[in-house]
Amino acid sequence: PYTLTYISSMKERMAPSMQALTYNNCIPTLKAYCQNSNFELFPYVELKGETPEEGIMAFNDLPRYAMGYASLFHALSFTVETHMLKPFPQRVQATLQFMNATIAYAISNAANIEKARKEAIEWSQAQTYFRYNYQLNEQASDSIRFKGYAAIYPKHPITGLAQLEYDQQKPYEQFIPFFNKYLPKDSIAIPKYYVVGGQETEVIQNLQLNGVAYQVLDSFYYKEVNCFVVKDYRAPSRPYEGHFKLSNIQIANSTQKLLLKPGDIIVPTQQDRAQFIHAVLQPRAEDSYLTWNFFDSYLQQ
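A brief structural summary. In this text, all values refer to a predicted model and were calculated from it rather than measured experimentally.

## A word on the side chain of Asn 293
Inference 1: In this fold, Asn 293 is placed in the loop between helix H6 (274–281) and helix H7 (296–299).
Inference 2: Engagement of the side chain of Asn 293 in a polar contact is seen with the backbone oxygen of Phe 244, the distance being 2.6 Å.

## Let's talk about the sheet that holds strand S10 (residues 193–196)
Inference 1: The antiparallel open sheet is built from three strands, whose spatial order is S10-S14-S11. Lying at the two open borders of the sheet, with one neighbouring strand each, are S10 and strand S11 (215–216).
Inference 2: As judged from the four bridges shared by S10 and strand S14 (residues 265–268), these two strands associate in the antiparallel manner. In the strand pairing of S14, Val 195 is matched with Ile 266.
Inference 3: Contacts from H6 reach S10 and S14 within the one sheet, and its direction differs from that of S10 by about 50°.

## Some details on the pattern of salt bridges
Inference 1: Applying the stated rule across the entire model yields twelve salt bridges.
Inference 2: For Glu 40, the salt bridge identified is with Arg 145, shortest N-O distance 3.1 Å. Of this pair, Glu 40 sits in the loop between helix H1 (16–36) and strand S2 (42–43) while Arg 145 sits in strand S7 (residues 142–152), and the two are 105 residues apart along the sequence.
Inference 3: The class of Glu 40 is buried, set by a relative accessible area of 17%.
Inference 4: On the basis of relative accessible area, Arg 145 is assigned to the partly exposed category, the value being 34%.
Inference 5: For Asp 264, the salt bridge is made with Lys 261, and the minimal N-O distance between the two is 2.7 Å.
Inference 6: Take Asp 264: its relative accessible area is 3%, and that puts it in the buried class.

## A closer look at the pairing of strand S8 (residues 165–179)
Inference 1: Relative to S8, strand S4 (residues 56–57) runs parallel, the two sharing two bridges. For Met 57, the partnering residue across the bridge sits in S8 and is Phe 179.
Inference 2: When S7 meets S8, the two strands line up antiparallel, connected through eleven bridges. In the sheet register, Phe 146 faces S8, and the bridge partner there is Gln 174.

## Some thoughts on unusual backbone geometry
Inference 1: Phi at His 74 is positive, roughly 60°, even though this residue is not glycine.
Inference 2: Turning to its location among the elements, His 74 is positioned in the loop between helix H2 (66–71) and strand S5 (78–82).
Inference 3: Here His 74 falls in the buried class, since its relative accessible area comes to 4%.
Inference 4: In this structure, Asn 248 is a non-glycine residue whose phi angle is positive, near 50°.
Inference 5: Residue position: Asn 248 is located in strand S13 (residues 247–260).

Calculation rules
- Residues numbered from 1 in each chain as written.
- Predicted model: local features only at pLDDT ≥ 70, side-chain atom pairs only at ≥ 80, totals over all residues.
- Heavy atoms only, no water.
- Helix = DSSP H or I, 4+ residues; strand = E, 2+ residues; numbered from the N terminus.
- Polar contact = N/O pair within 3.5 Å; in protein donor to acceptor, adjacent residues only side chain to side chain.
- Pairing = 2+ DSSP bridges.
- Contact = heavy atoms within 4.5 Å.
- Axes fitted to C-alpha atoms, helices over the stretch in contact; angles between N-to-C directions.
- Salt bridge = Lys/Arg side-chain N within 4 Å of Asp/Glu carboxyl O.
- Buried < 20%, exposed > 50% of the residue type's maximum accessible area, 1.4 Å probe, protein only.

Geometry only, nothing functional implied.
The following block contains the structure:
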């Protein structure tokens, strides 16, 4: 029955102030606005099993996705999807109404949004551990009121096999499980700064484009640092989004006294872009630059 559904940022990755703003204030306001515009706003229907009665899951918006990326900068972010089988004019109208709702909310709550973002930046700089590799908690679920159609399994006239369909003559409204809690499987202590070799021009350029502050060394000097050493990894047989994204990366840590050289950069973690910095420079993180092939030249050794 829903024309438009939305995905909101995973609350476990958000700073407390942005989590409260998004889930306690923004989403209820958007729902009320859309209800007044004669359509109901509902979370994206990602099925836990075969049909909605078995439950739906909250989406894991990793930094590779536009909204997951935006949330690293403590921005309110949503992805919306209009139902592919609904008439095109309804889909356009629902999208327009959602955009109007978000614009109206931002105008009316500008001061609250900026206050929440300021608190979020301070929160991110005060963290001592970076948590990552979030997994859905399948043992805990809330319930959510869902409007759906009865599932039926008519036999296909050619194959004679039962196939899932939904009977639009049999609408229903009931509470279904909503699995919307994630837990981090891993964490790592946050350093005071990261060191990136000056030869990593693409990495440095990306940091610069994302507003990351850093210091460029202008002379040689020895520094005792914590080094990451890649012991093993898995490369896929096929590309994903134009990359052979690495997985199952095994990292060893060691403290070494290294000779840093002119052109190397020092990236302090006490800055506004802290969440983004950890997401891309912590090698074990799901969407780190290491996983996305920025450091593949090291791996051929």
